[in-house]
Structures are given as structure tokens and as C-alpha cells.
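One-letter residues, chain by chain:
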Amino acid sequence: MTPALSFAERVLQWFDAHGRHDLPWQQPRSAYRVWVSEIMLQQTQVATVVPYFARFMARFPDVQTLACAPLDEVLAHWSGLGYYARARNLHACAKVVTETLNGAFPRTIDGCMALPGIGRSTAGAIVSQAFDLPAPILDGNVRRVLARHAALHGWPGTPAVSQAFWALAEARLPTHRHADYTQALMDLGATCCTARRPQCLSCPVQHDCLARQHGSIDHLPTPKPRRTRPRRRAQILIIENEAGDILLARRPQRGLWGGLWSPPVIDAEQCWPAALDALPRRDHAPLAPIAHRFTHFDLQMDPVRLLGTSPPDTDHIWHTPSGALTLGLPAPIRRMIEQLVAHPATPQA
Ligand code: SF4
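Quick summary incoming for the structure in this document. (Residues numbered from 1 in each chain as written. Predicted model: local features only at pLDDT ≥ 70, side-chain atom pairs only at ≥ 80, totals over all residues. Heavy atoms only, no water.)

Looking now at the pairing of strand E1 (residues 231-240). Pairing between E1 and strand E6 (residues 298-307): 10 bridges, direction parallel. Of the residues in E6, the one forming a bridge with Ile239 is Leu306. Alignment of E1 against strand E4 (residues 265-267), held across 3 bridges, turns out to be antiparallel. Of the residues in E4, the one forming a bridge with Ala234 is Asp267. (Pairing = 2+ DSSP bridges. Helix = DSSP H or I, 4+ residues; strand = E, 2+ residues; numbered from the N terminus.)

Rendered as C-alpha cells:
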């Protein structure tokens, strides 16, 4: 039996009763706040994002403030959220919006996608949520709902499947309440059509859900084809001076941890620099190795603790370990420096 109400109308009714209406970026809902929240929510859970968003808004309440702030400070407010290219793009985008668009975000998908770091789904979220205009989104939660409801198979990383998903998302758009519909679909995916054990009996679109009828819920959405993850190793040089300061360097803007601060790192395939042979080792106070999972590989870093004197060049600075924690640091480096603060080396070592 075909349900009397459209897909979108049923989802909106469900949203009125069960959706999330008190997320910090909904009150007030502006293009700037929607944009920052959408960038933070890429690869990150809502519960993790909420306190970061609050701190970010307290320091950078509007796009002009963000554009004028030093990148270092933006990275420091992002520290721990990971995927730091997002923060660099956020800063670059704020500059473009302020300097060339008079501080106003474009009201079209193409206009938003022309800005740094804004993809099609984020553009859809901004246009629909900030301006209440029809624009589809396809984040992970929404893709899961649509894939299951329409029994759309195939990994969306391929162009043909991606096109099919966008066409489906477009076809399901309502004729009104575009901002609410976007939030409703995200909420439905996050709280009802969950990856494991979806609550189908509470779902507003259960009666025409094809995955439910076909018994294919557990197979949708189609996962990315598996590849073995490469493993890399590196040594991280904890060089301390007599005062207990540690040597830090800013990472190159491009590449791993771009623009953040870190002790020097030597990849396993790199030669051990001869200049370091002269520095005494502090083997009595070992630090635990750090394992970190990146998008495309796993990295194990073995800390090597050395006693140093002067920085080898101007790209390096000395910093107290506790002071270093105020800088923009990658999450695993932050954990390691917290170990150092808890277990300082003895001065005579
Ligand atoms: S019926 Fe179940 S599988 Fe289908 S959309 Fe609803 S929650 Fe997801």
C-alpha cells in the first residue's frame, strides 16, 4: 500500500515529535554557524563537536572575526578534532567571504562550492538550513536512510553510484520547510536508522522501506571495498634542555598535521641525523609509544628522549611542556606531552 503522505512529509512529522531542536548551531541558525558546525561534523560525532563549537563561537562569533584571527589560534581551537585541513580551509574560506563577498555566504549550491573546503553536501546544508531553500545533502547518516529506503546498492565512491544517490536525494526534497527537512533526515539517520540495530518500528518511512521488505538492511549502504591498511613507524624526538623545555617545530602547511606544532619526527625510512648523536639520551625516563589511526594508514611513533642545548635552526622553538599544551597540537602529540607534564625528566639526567 502506498502511504498517503510523501517521504518528506512523513520525515517532517517525525522530526516535529522526535527530532533534535536544541543543537547549539540551530539557535540562532545563521549561514556562519551552520557552516562551522557542518565542517566540524565531517568525520566527528555531534557529542564531540558541541563543546568545540561553543568554544569556537565564543572566540570567533562571526566570519569577520574568524577571517582576522591568526591561523595559529584557529588551529589551537581545533586541536583534538583532527583532520586539520578542515580548520585551514575554514580560515581561508572566512577570508574569501569577508574580502570578496562582503561577509555574506552565497545562497546557491554552486556559489558555496566555489569556496575553500565546501563540498556538495556541506553546500546543501548551508543553503537549506541557513536560507530555507531546497538543496539536498548526503552526509553519512542521510545516505544510510536513503540507501535503505530505496534499496540503492553500490558504493557511492564511484561516479555512477554517487550520481544515483544525488538524484534520489533531489527527488525526495519537500516543497517547503527545507531547513527542517535537512535536520530531520540527519536526525533520522543518527537516532532511528542507525548503522546497527535500526529502530524500524519507530521509523516514519517503514511502510515503504525497500531494504526492510527485501531483508537487506544489514547490507546497506554498500561499504567501501576493503584494502589492507598500510602501517608506518616513526621516531619522535623529545629534546629537552636543562630547564625542562622541549623543542617544537611547526609542521609544513601541506601534509600530515599541516601547520600544527610538534616535536621533530623522523620517519622509519629516513636516516638518523648525525648531529643528534652528540645529544645524550635520557633512557631512564621512557615514554610510551603512540599509536594513531589516520584515514589511510596506521602510524606508530616511538619517543626518543634527548638532552639538547640550543635549537638547531630558527624553525624550532623551546617551550615548556605545559605551555606547549596551549598551542595547536595534533591529538597524539598532545597526549604525549601530557605524559611529559606528568613525568618530567630529572635535571641531572
Ligand atoms: S524502516 Fe528501518 S531501515 Fe528502513 S529507513 Fe526506517 S529505520 Fe531505516
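The next subject is the site of the ligand. For the ligand, the full set of nearby residues is Arg148, Cys193, Cys200, Cys203, Val205, Gln206, Cys209, Arg212 and Ile217. Of the residues in the shell around the ligand, the class split is 6 nonpolar, 1 polar and 2 charged. (Near = heavy atom within 4 Å. Nonpolar A, V, L, I, M, F, W, Y, C, P; charged D, E, K, R; others polar.)

So, on to the pattern of salt bridges. All told, the structure shown has 11 salt bridges when counted by the stated rule. With a shortest N-O distance of 2.6 Å, Asp72 and Arg250 are connected by a salt bridge. Of this pair, Asp72 sits in helix H5 (residues 71-78) while Arg250 is found in strand E2 (residues 246-250), placing the two residues 178 residues apart along the sequence. Residue Asp72 is classed as partly exposed on the basis of its relative accessible area, which comes to 29%. The exposure class assigned to Arg250 is partly exposed, which follows from its relative accessible area of 34%. (Salt bridge = Lys/Arg side-chain N within 4 Å of Asp/Glu carboxyl O. Buried < 20%, exposed > 50% of the residue type's maximum accessible area, 1.4 Å probe, protein only.)

So far we have only geometry, and geometry alone does not tell us how the molecule works.
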